[in-house]
Amino acid sequence: MSSNEQLFQRAQGVIPGGVNSPVRAFRAVGGTPRFIQRAQGAYMWDAEGTKYIDYIGSWGPMILGHGHPAVLDAVHQAAADGFSFGAPTEREVQLAEAIIALVPSVEQVRLVSSGTEAGMSAIRLARGATGRSKIVKFEGCYHGHADALLVKAGSGLATFGHPTSAGVPPEVVQHTLVLEYNNIEELEACFKAQGDEIACVMIEPICGNMNFVRASVPFMKRLRELCTQHGAMLAFDEVMTGFRVALGGAQSVYAKLIPGFQPDMSVFGKVIGGGMPLAAFGSSKKVMSQLAPLGPVYQAGTLSGNPVATACGLATLKEISKPGFYEALGARTQSMVAGLTKVAQAAGVPFVGDSEGGMFGFFFSATATSPQPQNYGEVMATDKDRFNRFFHGMLNRGVYLAPALYEAGFVSAAHTEADIAATVAAAAEALQD
Ligand code: KE4
């Protein structure tokens with residue numbers, strides 16, 4: 001049996017960094033990535049046979065836990081009927097109907113194969129539907145790796161973003177503005193200066209790419225008002241929060257806090273594919289009618305709405321729609337964060353945590369009285385080294401947390417009270433180190 005080190009060596013010979021997605025390489029936390037052999041329920045086993053309680057859940061999709069029998073059965077049956085046809089199937093209609101039934105702001109959806117593809121297509125659609133070019137995103141939010149969205153905050157407000165990646169020519173991001181998350185003043189000034197040129201504002205309503213940072217209610221309320229006032233589309237990137245923080249996604253959480261709140265466009269992924277390559281974007285019928293083959297905005301995909309992926313997604317949505325699913329998941333997640341908070345206090349380690357539904361995050365704050373970070377700068381001011389030491393302390397005790405300070409964590413329906421207790425006990429020991 002190859003060890004993780006041997007596999008990592010071999011992988012690096014044939015795959016850049018040995019991984020097919022950078023965060024998996026453990027470069028933020030150091031050490032050797034674990035090569036996973038198999039997973040079941042709340043657990044994963046690596047190439048050396050070591051067992052972990054899994055709080056990554058494939059970065060969100062595995063909300064039921066790994067290998068849920070009903071989902072596995074649906075995938076087996078679908079695969080036996082054919083992997084891919086390049087022709088429409090009833091199951092795509094069923095999945096679209098299921099998403100629309102759960103998300104009032106969406107009247108039609110287009111299925112694609114990744115969150116990046118969904119976000120990229122949503123931006124193109126917003127630009128096509130409004131006839132405008134400018135887009136706004138927020139520092140710390142990640143919307144996939146489409147060129148126009150790989151942008152970091154430019155200096156000051158009026159200047160446009162600068163590429164965060166090589167290979168993205170400045171002219172490609174010249175229409176992308178990057179503002180500070182939760183900063184109402186910046187929002188006001190930006191819309192005052194160029195609101196009527198903005199095609200859309202894309203936001204992670206609860207930002208899981210800054211670990212866990214909520215958009216404040218006043219900020220979200222003002223964002224909605226300004227977009228409406230200036231005819232800009234408000235696009236919710238719910239690739240991570242969709243069907244994860246609540247059955248209706250983060251937009252259903254904000255609709256409870258801001259009467260009548262709805263985004264204009266929604267992007268989904270992860271959970272709706274149940275671990276298979278599937279994502280989606282949706283809006284009103286009017287906006288979606290701009291898409292090919294009906295309208296002038298082109299968008300396509302060989303494996304879009306893939307028959308096996310849609311079976312996996314449908315079976316997943318069926319399970320999470322059952323009464324009480326999110327109440328139980330939310331309570332389980334909250335108890336885990338409360339347990340971590342308790343043992344951190346006992347160890348005298350400054351710590352703040354938060355959760356919504358099955359998504360959680362925590363920070364080792366700078367001081368015992370530091371509040372929950374509200375933006376990227378405050379997240380990056382938390383204690384990264386302590387986070388990394390804690391990550392390894394937990395990994396060595398069989399608890400697999402997100403291998404980076406800026407990533408959120410996920411609890412599944414398969415995590416038991418005993419798993420939570422074991423996690424908290426491991427944290428008490430790790431924090432002593
Ligand atoms: P994908 O293209 O990776 O399916 O989705 C991109 C994406 C879009 N929007 C949000 C809010 C996301 O969180 C993501 C992807 N999330 C990362 C984790 N932060 C996936 C993990 C990875 O990159 O390997």
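Residues numbered from 1 in each chain as written. Predicted model: local features only at pLDDT ≥ 70, side-chain atom pairs only at ≥ 80, totals over all residues. Heavy atoms only, no water.

Quick look at the site of the ligand now. Taken together, the neighbourhood of the ligand is formed by 16 residues, with Ser21, Thr116, Asn209, Asp237 and Glu407 sitting nearest. Within the backbone of Tyr142, a nitrogen or oxygen atom sits 3.3 Å from a nitrogen atom of the ligand. Computed on the free molecule, the ligand has an accessible area of 540 Å², of which 86% lies beneath the protein chains in the complex. The residue makeup of the shell around the ligand, split by class, is five nonpolar, seven polar and four charged. (Near = heavy atom within 4 Å. Polar contact = N/O pair within 3.5 Å; in protein donor to acceptor, adjacent residues only side chain to side chain. Areas by Shrake-Rupley, 256 points an atom, 1.4 Å probe, with all protein chains shown as cover. Nonpolar A, V, L, I, M, F, W, Y, C, P; charged D, E, K, R; others polar.)

Time to look at helix 6 (residues 217–230). Because an α-helix completes one turn every 3.6 residues, residues spaced three or four positions apart along the sequence face the same direction. Between its terminal C-alpha atoms helix 6 stretches 20 Å, which fits the 20 Å expected from 14 residues at 1.5 Å a residue. Within helix 6, the full set of buried residues consists of Phe219, Met220, Leu223, Arg224, Leu226, Cys227 and His230. The inward-facing, buried residues of helix 6 abut strand 5 (134–138), helix 5 (184–194), strand 9 (198–203), strand 12 (233–238) and helix 7 (250–257). Among the residues of helix 6, the N-terminal cap falls to Ser216, whose side-chain oxygen and the backbone nitrogen of Phe219 are separated by 3.1 Å. With its phi angle positive at about 70°, Gly231 sits one or two positions after the end of helix 6. (Helix = DSSP H or I, 4+ residues; strand = E, 2+ residues; numbered from the N terminus. Expected span 1.5 Å × (residues − 1). Buried < 20%, exposed > 50% of the residue type's maximum accessible area, 1.4 Å probe, protein only. Contact = heavy atoms within 4.5 Å.)

Okay, the pattern of salt bridges next. Within the structure shown, the criterion is met by eleven salt bridges. One salt bridge connects Lys322 with Glu319, and the closest N-O pair in it is separated by 2.9 Å. A residue is classified by how much of its surface remains accessible, and Lys322, at 44% relative accessible area, is partly exposed. We classify Glu319 as buried; its relative accessible area is 11%. The salt bridge partner of Glu417 is Arg332, with a shortest N-O separation of 3.6 Å. Of the two residues, Glu417 sits in helix 13 (residues 417–432) while Arg332 sits in helix 10 (residues 325–346), which places them 85 residues apart along the sequence. One network of salt bridges, in which partners are shared, links Glu188, Lys221, Arg222 and Glu225. (Salt bridge = Lys/Arg side-chain N within 4 Å of Asp/Glu carboxyl O.)

Side-chain positions along a regular strand alternate between the two faces of the sheet. A large share of strand 9 lies buried, amounting to six of its six residues. In terms of strand pairing, strand 5 meets strand 9 through three bridges, oriented parallel. Paired with Ile135 across the strands is Cys200, a residue of strand 9. Taken together, the four bridges between strand 9 and strand 12 define a ladder with parallel strand orientation. Each bridged residue has a counterpart across the sheet, and for Ile203 the counterpart in strand 12 is Phe236. (Pairing = 2+ DSSP bridges.)

As a further point, take the nonpolar core. Ile99, Phe138 and Phe243 are the most contacted members of the largest nonpolar core, which totals 104 residues. Taken domain by domain, the makeup of this core includes at least three residues from each of domain 1 (4–67 + 323–432) and domain 2 (69–320). Apart from residues lying up to four places away in sequence, Phe243 is in contact with Ile63, Ile99, Leu102, Val103, Gly249, Phe268, Val271, Ile272, Leu317, Ile320 and Tyr326. Among the nonpolar cores identified, the runner-up in size contains 23 residues, and Ala148, Cys200, Val239 and Ala279 belong to it. (Core = buried A, V, L, I, M, F, W, Y, C linked by side-chain atoms within 4.5 Å. Domains from an automatic or database assignment.)

Viewed as axis vectors pointing N to C, helix 2 (residues 69–81) and helix 9 (residues 307–320) meet at an angle of 155°, and their least axial separation amounts to 8 Å. Put simply, helix 2 runs roughly antiparallel to helix 9. At the point where helix 2 passes helix 9, the crossing takes the right-handed sense. Residues Ala70, Val71, Ala74, Val75, Ala78 and Ala79 of helix 2 lie in contact with helix 9, whose contacting residues are Pro307, Val308, Ala311, Cys312, Ala315, Thr316 and Glu319. Residues of the contact of helix 2 with helix 9, tallied by class, amount to eleven nonpolar, one polar and one charged. (Axes fitted to C-alpha atoms, helices over the stretch in contact; angles between N-to-C directions. Parallel < 35°, antiparallel > 145°, perpendicular 65-115°, else oblique. Left-handed = near helix turned anticlockwise from the far one by under 90°.)

Entries for the chain in the domain assignment read domain 1 (4–67 + 323–432) and domain 2 (69–320). Tallying the contact residues gives 33 residues for domain 1 and 31 residues for domain 2. At the boundary of domain 1 with domain 2, total buried surface from both sides reaches about 2,600 Å², with 59% on carbon and sulfur atoms. When the area that domain 1 buries against domain 2 is broken down by residue, the three leading residues are Tyr326, Glu356 and Met359, summing to 24%. The tally of links from domain 1 across to domain 2 stands at 16 residue pairs in polar contact (both at pLDDT 80 or more). Listing elements by their share of the side of domain 1 that touches domain 2, those giving two or more residues are helix 10, strand 15 (352–356), strand 16 (359–363) and helix 11 (376–380). (Buried area = accessible area lost by both parts, 1.4 Å probe.)

Alternating positions in strand 13 (residues 265–268) separate into two faces, Met265 and Val267 on one and Ser266 and Phe268 on the other, with burial throughout. The pairing of strand 12 with strand 13 spans four bridges and is parallel. Across the sheet, Ala235 pairs through a bridge with Met265, a residue of strand 13. For the segment spanning strand 12, helix 7 and strand 13, crossover handedness is right-handed. (Right-handed = clockwise from strand over helix to strand, strands pointing away.)

This brings us to the environment of Gly330. Secondary-structure assignment places Gly330 in helix 10. We classify Gly330 as buried; its relative accessible area is 9%. For Gly330 and Val245, which are 85 residues apart along the polypeptide, the C-alpha to C-alpha distance reads 8.0 Å.

So, on to the sheet that holds strand 2 (residues 43–46). Sheet architecture is open: four strands sit in the order 1-2-3-17, paired in mixed fashion. Each having just a single partner strand, strand 1 (36–40) and strand 17 (399–400) make up the two edges of the open sheet. Of the strand pairs in this sheet, strand 1 and strand 2 are connected by four bridges, and their pairing is antiparallel. Note on strand 2: the bridge partner recorded for Arg38 is Trp45.

Another point: the environment of Val103. Counting through the fold element by element, Val103 comes out in the loop between helix 3 (90–102) and strand 4 (108–112). As a C-alpha pair, Val103 and Pro22 span 81 residues in sequence and 32 Å in three-dimensional space.

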